[in-house]
Amino acid sequence: MPEMIVRVEAVNFSATIDDTNDLSTIRGGGLAALYVAEAVGKVLEAQGFENVQELFRGASQCAFRVTTATSEDAAAAHIEQTIRTALARADGRDAKPPYSAPPHAVMMHVVSVAPIDTSARTGENAEAEKKALTVAAARGHAQQYRRWTELPIVFDPAAEDADERDGIRPATATAWFPDDTVDDGEDDRDRGKRRPVSPAVKARREYGRRARQTFYGRELGKSLPPALAGDRPRLRFAQHFQGIVAAPPPEAGLSVRNKIAVVYADGNKFGALRANAGTKVFSDDLDVKRNELLKAITGWLVDGAESREWGDVFKVDSKAGRPPGLRFETLMWGGDEFAFVMPAWLATAFVAGFFRATAGWDIAIADGSRMPLTHAVGVAIGHVKVPIRQLRSIAKEAADAAKAAGLDTMSTATFEIFESLHPPDRDLGRWRKSVFGARADDDVVARHLALPGEGDRFANLMEQIGALRDGAVDQQGRRTKEPFPRSQIYGALRTLRKEGIGVGEARADRAVEEALDRYLAGAGADRGVSREDLDLDEIAGGSPRGLAMTLALLVTLWDYAAPFAPGFPQLASGRVS
């Protein structure tokens, strides 16, 4: 009997996830994309196909292998139409309670089917499956380019205005918007008001509100920290981006406050490793590793929030006497990619912990050996009013640039930090040329900005920058180094502007070296700081980073590296250490 690959992917995120800056609406769209695999699996089982096998599921896509009793063409047409119809009917309104199920109907999907040629001439079954997966993916992409990104908006006389959140669709529905920083998913007349929105935004927002806590329980099951469990948990998650940065802790410097960080991580060469190891084997192994990572992250958040010393770093109190809100959000989960949002003051601690938690990840490949699983991490930090779509795009571009520069076999972290409300909306490479010089090579700049992520290398680098900023003491508490004035680093970099030299250009190092050496030999001689203390750990291979680029990295990370005293909770594999 014919065997088929069934592949479904949620697409066009600009119209279904990133079209508002409302956290609950973004979450609702993202989780609807994540859980499309469950809906597809139920449809296939209900149709009575034999041997329904899930091969993989990612943050927005899934693939199944099924056996059918009909011809390939007839089965393919039937499967595609049945899945499309089922997803179009799943708007969440009929769930109990309403909108407690993913609103697939307001998302956009491509459904593609490809036969698995298991005849003798094709060789191994695994190769035939791999080829069918490739064909199904290509068919899906072809469908995507032949369809509207967003269906044309039809005039509705019932709409008095445009949707308040996306500013485009007719507002023919209303949704609840609470006044407090923590939303427990319940409407309360004394704590907010209903606002006009479109049905598409309403469905995603209502589902996103209810899924704020349930996502973690759904993924972790019994491993969910007790503080996050139950109908009345001790801790909830902040319900909007402003809540994530509200009431900052005193340790957060003025330049760090009111800023959020989007941390994006993408697996290096996971596609090739998946093909080598086998789609299902790779997916199942990665699921286990992701579960351990999420367990570590939630444990770190809860332990930090419930500690007496660091509670205000991790949580924000509710004005209405409701449970405090954790300063954290998961934007993307599943597959090769992750994306998280947190206050800027937690960014470097989180990235250091992410690298510790994933340091031992590897996968068995076809020849029996094990290959390491590494990640390119991009971090975009900006004011809380910057659209989250923009920061997520920058974070992804930063990670992709490191990969494109040849750093796709090791874990790296690249930070892009913006003090203004207007970071680049597109083309990070062009913006970098305006900063580092028109003659600076894109790949060279990307390599020099990328920080090593293996083991504790990133954490040690952050501590080094913190010691430069705050000074250093020995084990007896005696000061061995005075704080290094950031003004001197800025002064050295200003010489480049005077001479019209970009930070990433060849002549930059000599120009800043002369200015810095004058200070170290003169007024800075008694601070106990040498030129070697300013050298930052860098990835081997390629040209050296150089002094000018190192100084640029120092001033960029100065306020964000190791901002808290020793003893700050560390995110580590499995549990908080």
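Below: a short report on this structure. (Residues numbered from 1 in each chain as written. Predicted model: local features only at pLDDT ≥ 70, side-chain atom pairs only at ≥ 80, totals over all residues. Heavy atoms only, no water.)

## Quick word on the overall build of the chain
Here comes step 1: In terms of regular secondary structure, the chain is built from 18 helices and 19 strands.
Here comes step 2: Its C-alpha radius of gyration of 26 Å places the chain within 12% of the 25 Å reference for a compact globule of 577 residues.
Here comes step 3: Dimensions of the chain, computed from the C-alpha atoms along their principal axes, are close to 85 × 65 × 45 Å.
Here comes step 4: For the chain, buried positions account for 54% of its 577 residues.
Here comes step 5: Within the chain, contacts between residues at least 6 apart in sequence are counted, and of these 73% link residues at least 24 apart.
Here comes step 6: If you sum the accessible surface of the chain, you get close to 25,300 Å²; carbon and sulfur atoms cover 50% of it.
Here comes step 7: Both charge centroids of the chain, one from 75 positive and one from 81 negative side chains, sit 3 Å from each other. (Helix = DSSP H or I, 4+ residues; strand = E, 2+ residues; numbered from the N terminus. Rg over C-alpha atoms; globule rule 2.2 N^0.38 Å. Buried < 20%, exposed > 50% of the residue type's maximum accessible area, 1.4 Å probe, protein only. Contact = heavy atoms within 4.5 Å. Areas by Shrake-Rupley, 256 points an atom, 1.4 Å probe, with all protein chains shown as cover. Lys, Arg positive; Asp, Glu negative; His and termini not counted. Charge placed at Lys NZ, Arg CZ, Asp CG, Glu CD.)

## Some remarks on the packing of aromatic side chains
Within a pair of aromatic rings, the relevant descriptors are the distance that separates the centres and the angle that separates the planes.
Here comes step 1: Using the criterion set out here, one finds 21 aromatic pairs in the structure.
Here comes step 2: Relative to Phe-568, the ring of Phe-314 has its centre 5.5 Å away and its plane inclined at 15°; by these criteria the two rings are stacked. A residue pair is termed long-range when its members are at least 10 positions apart, and Phe-314 in helix α10 (residues 311-314) and Phe-568 in the segment after α18 (547-557) qualify at 254 residues. Accessibility assignment for this pair places Phe-314 and Phe-568 in one class, buried.
Here comes step 3: The cationic tip of Arg-218 hangs over the ring face of Tyr-35; the distance from NZ or CZ to the ring centre is 3.6 Å.
Here comes step 4: We note Arg-274 situated over the ring of Phe-56; from NZ or CZ to the ring centre the distance is 5.9 Å. (Phe/Tyr/Trp six-rings, centres within 6.5 Å; stacked < 30°, edge-to-face > 60°. Lys NZ or Arg CZ within 6 Å of the ring centre and 35° of its normal.)

## Some remarks on the environment of Val-473
Here comes step 1: Tracing the chain through its elements places Val-473 in strand β18 (residues 472-473).
Here comes step 2: Each C-alpha atom of the pair Val-473 and Ala-142 lies 61 Å from the other, and the pair is 331 residues apart in sequence.
Here comes step 3: With near-sequence residues (within four places) excluded, Val-473 lies in contact with Arg-478, Arg-479 and Thr-480.

## Some points on the sheet that holds strand β8 (residues 259-267)
Here comes step 1: Pairing within the open sheet is mixed, and its six strands lie in the order β11-β12-β8-β15-β16-β17. Of all the strands in the sheet, just β11 (329-332) and β17 (451-452) have a single pairing partner and so form its edges. (Pairing = 2+ DSSP bridges.)

## Concerning the pairing of strand β16 (residues 412-417)
Put simply, side chains in a regular strand alternate between the two faces of the sheet.
Here comes step 1: Of all the six residues making up β16, six are buried; the element is thus mostly covered by neighbouring parts of the structure.
Here comes step 2: Alternating positions in β16 separate into two faces, Thr-412, Thr-414 and Glu-416 on one and Ala-413, Phe-415 and Ile-417 on the other, with burial throughout.
Here comes step 3: For strand β15 (residues 375-383) and β16, the ladder comprises six bridges, and the chain directions are parallel. Paired with Val-377 across the strands is Ala-413, a residue of β16.
Here comes step 4: Between the parallel elements β15 and β16, the chain passes through helix α12 (residues 388-404) in a crossover that is left-handed. (Right-handed = clockwise from strand over helix to strand, strands pointing away.)

## A look at the nonpolar core
One broad rule of soluble globular proteins: the nonpolar side chains tend to lie buried together.
Here comes step 1: If you look at the biggest cluster of nonpolar residues, it comprises 104 residues, and the most contacted ones within it are Phe-350 and Phe-415.
Here comes step 2: With ten residues, helix α9 (residues 279-305) is the single largest residue contributor to this core.
Here comes step 3: Ignoring any residue separated from it by four or fewer positions in sequence, one finds Phe-415 in contact with Thr-348, Val-351, Val-379, Ile-381, Leu-451, Phe-458 and Leu-557. (Core = buried A, V, L, I, M, F, W, Y, C linked by side-chain atoms within 4.5 Å.)

## Structural notes on the pattern of salt bridges
Here comes step 1: Counted by the stated rule, this structure contains 41 salt bridges.
Here comes step 2: A salt bridge links Arg-209 to Glu-206; the nearest nitrogen and oxygen atoms lie 3.5 Å apart. Separated by three residues within a single helix, Arg-209 and Glu-206 lie in helix α6 (residues 199-220), roughly one turn from each other.
Here comes step 3: Residue classification places Arg-209 among the buried residues on the basis of a relative accessible area of 2%.
Here comes step 4: Asp-537 is the salt-bridge partner of Arg-457, the closest N and O atoms lying 2.9 Å from each other. (Salt bridge = Lys/Arg side-chain N within 4 Å of Asp/Glu carboxyl O.)

Nothing here speaks to function; it is geometry throughout.
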